[in-house]
Each structure stands twice: as structure tokens, then as C-alpha cells.
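Take a look at the letters that make up each chain.
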Amino acid sequence: MKLTYDTIRVEKDNGVTWVIFNRPEKRNAMSPQLHFDMDDALGELAGDDETKVLIITGAGVSFSAGQDLKTYFRETANNPELRQKSQEASNRWRWRRLSQFPKPTIAMINGYCFGGAFTQVCACDIAIAADEATFGLSEVNWGVIPGGIVSWNVTEVMSYRDAIFYAMTGLPFDGKKAAEIKLVNYSVPLEKLREETLKIANLLRDKNPAALRATREAVRTVRGMTHDQAQQYLAAKLTELVAKDKDKGMQKGLSQFLDDKSYRPGFESLKN
Ligand code: COA
């Protein structure tokens, strides 16, 4: 598959694939071309056997400064065909492709994260920020709303109070605050960001991929269900997993724990 695009870089390292927004001189603002590149890359990576875990991040001092005010908004104002195509690609990769990606996804927020970039943060399974990162639902300052599906994303992930506060005031907040309000899982000093993100990526890479995929689909899907629906769905999902898992993870785990007594999953870090 293609590793070099006009606006992004794809780097593969031992099962972990990095997709890096690569317009640092424009703070990785999302141009129509960036949307086309991301749409293509994520489509390819979904079926790529070398990709066990996906990390998205930005080159330079920014994760992404949101939609490109010049090339995405102003320059498509009189070009309805390009606007339509870019909007479709933008919505498709930032939500459908990422939230339904068949492998675990991590957003590593290294710097500025504004407006439309909240969608890809919310779409990823896990988000880890630099303490020094700057987040902002800045749309109100530009006379627009958190559109695309940003308003929906933030009310789903953040509390209603925080979502409406930051959307209405447009006030920025740092990575530590993003962790406190649970927009991201946690934050670490920028100098440790890559190392800490890789630890989680490697942990996920080494788990049973079928169990991992079924787990994230289950946790995501039950949120819209009643108790009875969830119970039925989860029973069916487990049956599906056991039938489909090529590694036979459940049988293997039970026999290692009950017969060989060689398996104590989850307790490794407590022993050190
Ligand atoms: N759309 C288009 N261009 C953008 C952009 C955006 N969202 N964000 C940054 N850029 C461009 C700037 O126009 C500038 O281009 P130039 O060098 O051709 O003049 C370049 O990126 C660098 O930006 P600059 O503002 O000089 O960098 P900075 O490090 O001082 O500040 C930000 C970075 C992200 C704080 C600032 O650029 C900013 O506030 N951007 C807008 C973010 C935003 O509100 N996005 C949501 C829009 S709804």
C-alpha cells in the first residue's frame, strides 16, 4: 500500500501503524486533500495484515488545527462539487472509518487540537494527550457551530456541562484539563507522550485480535440499547466470537489456567 501521501505520512513499526497528519506549516489544518488522503489510507489499512494497532497524530507542534478555513471553507464556497466531495470524505474517515476500524485505534494529541479535529479524537478507542496540548471548540469564535458531527461527539464523550461550556465560550484548555473532563484517557508530559502511547499500543497489539475487536464493538454498541437488548446482543456476540476466533483464545485460556496452571492474565504488573 501507499505510505507517502501529499498531506499525511504512514509509518509501520512492528504491528503498530502511525498515521501522521503532515501539514505542520499549516498546523495540520484539514484541507480537502488531507480528507481524500486519510479516506484512502484508512480504507487500505483496515485490511492491512501488518497493522495490528493504529495511532493517529500530527507532525510538528500541532495535532490538527481543525478544518482548513481557507481551502476547506473559503475555496470551496463557489465549488459545490469539491465541497460535497470533501465533506463526504471528511465525515467518512473521521467517523465511519475510524470508529468502525477493525483494529484498536489511539489518538495521540501532541499539540493544538481545534474544532473539527475533536471528531477523530472521539472516534478513536483511546486518546492520550500531552499535558501541554491545547484543545479548543473554537467554532463560535468564527461565527459557526461545532458542525460535521462535533457537537454530537462532544456530548457523547464529555459531560453535557463541559461540552456546552467549552462550545459556547470557545475557551481553550490544556491536556491535563482534557484528562480531568475525560475527553482523553490521560495526559503525560510531551517528552513522554510517544513512549507512553507506544506502551498502550504494544499492550493492545499482543492481545487476541478477535477478542479485542468483539470487545470494542460490544462496548460501543450497547450504549444505545436497553438492558434486555444488550443482554441478548452480548450473548449472541460471544457466540459469534467463539465461533470465529481462529486462535481459539477462550479454549486456550481456560486450559492454560485450569489444567496447566500457567496463565494468570492481568496480574503481571502487580508482580513487579
Ligand atoms: N485553517 C487554515 N489555516 C490555518 C488554520 C486553519 N484552521 N490554522 C492554522 N492555519 C495556518 C495559518 O493561517 C498560518 O498560515 P500562513 O503561514 O500561510 O499565514 C499557519 O497555519 C500557521 O498558523 P499560525 O496562526 O501562524 O500558528 P501559531 O502556532 O501561532 O498558532 C493556532 C496556531 C492553531 C493556535 C492558530 O493557527 C489558530 O488559532 N488556528 C485556527 C484554529 C481553529 O480555530 N480551528 C477551527 C476552525 S472552525
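1. Description of the sheet that holds strand E9 (residues 173–174)
Strand pairing within a sheet occurs via backbone hydrogen bonds; the two strands may be parallel or antiparallel.
Right, on to step 1. Ordered in space as E4-E6-E8-E9, the 4 strands form an open sheet in which the pairing is mixed. The sheet is open, and its two borders are formed by strand E4 (62–64) and E9, each paired with just one other strand.
Right, on to step 2. Here strand E6 (residues 112–114) runs beside strand E8 (residues 134–136); their pairing, made up of 3 bridges, is parallel. Directly across from Phe114, in E8, lies its bridge partner Gly136.

2. Things to note about the domain arrangement of the chain
Right, on to step 1. Parsing the chain into structural domains produces domain 1 (8–205) and domain 2 (209–260).
Right, on to step 2. Here the C-alpha centroids of domain 1 and domain 2 sit 29 Å apart.
Right, on to step 3. Taken together, the 13 residues of domain 1 in the interface contact 5 residues of domain 2.
Right, on to step 4. When residues of domain 1 are sorted by the area they lose upon contact with domain 2, Pro102, Asp125 and Glu156 head the list and together hold 51% of the total.
Right, on to step 5. The interface formed by domain 1 and domain 2 holds 3 salt bridges in total.
Right, on to step 6. The partner of Glu156 in a salt bridge is Arg223, and the shortest N-O contact between them spans 3.5 Å.
Right, on to step 7. Between domain 1 and domain 2 we count 5 residue pairs in polar contact (both at pLDDT 80 or more) in total.
Right, on to step 8. Along the lines of polarity and charge, the residues of the side of domain 1 that touches domain 2 split into 7 nonpolar, 3 polar and 3 charged.

3. What to know about the site of the ligand
Right, on to step 1. If you check the shell around the ligand, you find 13 residues, and the closest are Lys26, Ala65, Leu69, Ser138 and Trp142.
Right, on to step 2. Ala65 is positioned with one of its backbone polar atoms (N or O) 2.8 Å from a nitrogen atom of the ligand.
Right, on to step 3. For the ligand, a nitrogen atom lies 2.8 Å from a polar atom in the backbone of Leu69.
Right, on to step 4. When the free accessible area of the ligand is taken as 860 Å², the share hidden by the protein chains comes to 62%.
Right, on to step 5. Taken together, the residues of the shell around the ligand sort by class into 6 nonpolar, 2 polar and 5 charged.

4. Some thoughts on the side chain of Thr17
Right, on to step 1. Summarising the element assignment, Thr17 is placed in strand E2 (residues 16–21).
Right, on to step 2. Among the residues examined, Thr17 registers a relative accessible area of 0% and is labelled buried.
Right, on to step 3. Aside from chain neighbours lying at most four places away, what touches Thr17 is Val10, Glu11, Lys12, Leu45, Glu50, Thr51, Val53, Leu54 and Ile55.

5. So, unusual backbone geometry
Right, on to step 1. Here the phi dihedral of Arg27 falls at roughly 55°; this positive angle occurs in a residue that is not glycine.
Right, on to step 2. With respect to the element layout, Arg27 can be found in the loop between E2 and helix H1 (32–46).
Right, on to step 3. The phi dihedral of Lys261 is positive, around 55°, even though this residue is not glycine.
Right, on to step 4. One can find Lys261 in the loop between helix H11 (249–260) and helix H12 (268–271).

6. Some thoughts on the packing of aromatic side chains
Right, on to step 1. With the rule as written, the count across this model stands at 10 aromatic pairs.
Right, on to step 2. Arranged with centres 5.3 Å apart and planes meeting at 90°, the rings of Trp95 and Trp152 form a pair that is edge-to-face. Here Trp95 is found in helix H3 (residues 80–99), whereas its partner Trp152 is found in helix H5 (residues 150–157), with 57 residues between them in sequence.
Right, on to step 3. We classify Trp152 as partly exposed; its relative accessible area is 43%.
Right, on to step 4. Taken together, a centroid distance of 6.1 Å and an interplanar angle of 80° make the contact between Phe118 and Phe135 edge-to-face. Here Phe118, found in helix H4 (residues 117–123), pairs with Phe135, found in strand E8; they are 17 residues apart in sequence, far enough to count as distant.
Right, on to step 5. On the basis of relative accessible area, Phe118 is assigned to the buried category, the value being 1%.
Right, on to step 6. By relative accessible area, which is 0% here, Phe135 ends up buried.
Right, on to step 7. A connected cluster of aromatic rings, assembled from ring pairs, spans Phe118, Phe135, Phe165, Tyr166 and Phe173.
Right, on to step 8. The side chain of Arg194 reaches across the aromatic face of Trp18, ending 4.2 Å from its centre.

Cut-offs used in this document
Here the residue numbers are simple positions, counted from 1 along each chain's written sequence. Residues qualify for local features only when their pLDDT is at least 70, as the model is predicted, and side-chain atom pairs are given and counted only at 80 or more; totals for whole chains, interfaces and linings, by contrast, use all residues. Hydrogen atoms and water are omitted, and side-chain values are computed over all heavy atoms in the structure. Whether two strands pair depends on DSSP finding at least two bridges between them. Numbering of helices and strands runs from the N terminus, with a helix taken as a DSSP run of H or I at least four residues long and a strand as a DSSP run of E at least two residues long. An automatic or database domain assignment is the source of the domain bounds shown. Whether two residues are in contact is decided by their heavy atoms: any pair within 4.5 Å suffices. Buried area counts how much accessible surface, traced with a 1.4 Å probe, disappears from two parts once they are put together, with both parts' losses summed. Put simply, a salt bridge is a Lys or Arg side-chain nitrogen that is within 4 Å of an Asp or Glu carboxyl oxygen. Polar contacts here mean pairs of N or O atoms no more than 3.5 Å apart (in protein, one a potential hydrogen donor and the other a potential acceptor; neighbouring residues in sequence count only if both atoms are side-chain atoms). Residues are grouped as follows: nonpolar covers Ala, Val, Leu, Ile, Met, Phe, Trp, Tyr, Cys and Pro; charged covers Asp, Glu, Lys and Arg; every other residue, Gly included, is treated as polar. In these notes, residues near a molecule or strand are those with any non-hydrogen atom within 4 Å of it. All accessible areas in this document rest on Shrake-Rupley with a 1.4 Å probe, and a residue is counted as covered only by the protein chains that are shown. Each residue is assigned to one of three classes by its accessible area relative to the maximum for its type, calculated with a 1.4 Å probe on protein chains only: buried under 20%, partly exposed between the two thresholds, exposed over 50%. For Phe, Tyr and Trp, rings pair up if their centres lie within 6.5 Å, where Trp contributes its six-membered ring, and each pair is then called stacked (planes under 30 degrees apart), edge-to-face (over 60) or tilted (otherwise). Only Lys NZ and Arg CZ are tested; either one counts as a charge over a ring when it is within 6 Å of the ring centre and within 35 degrees of the ring normal.

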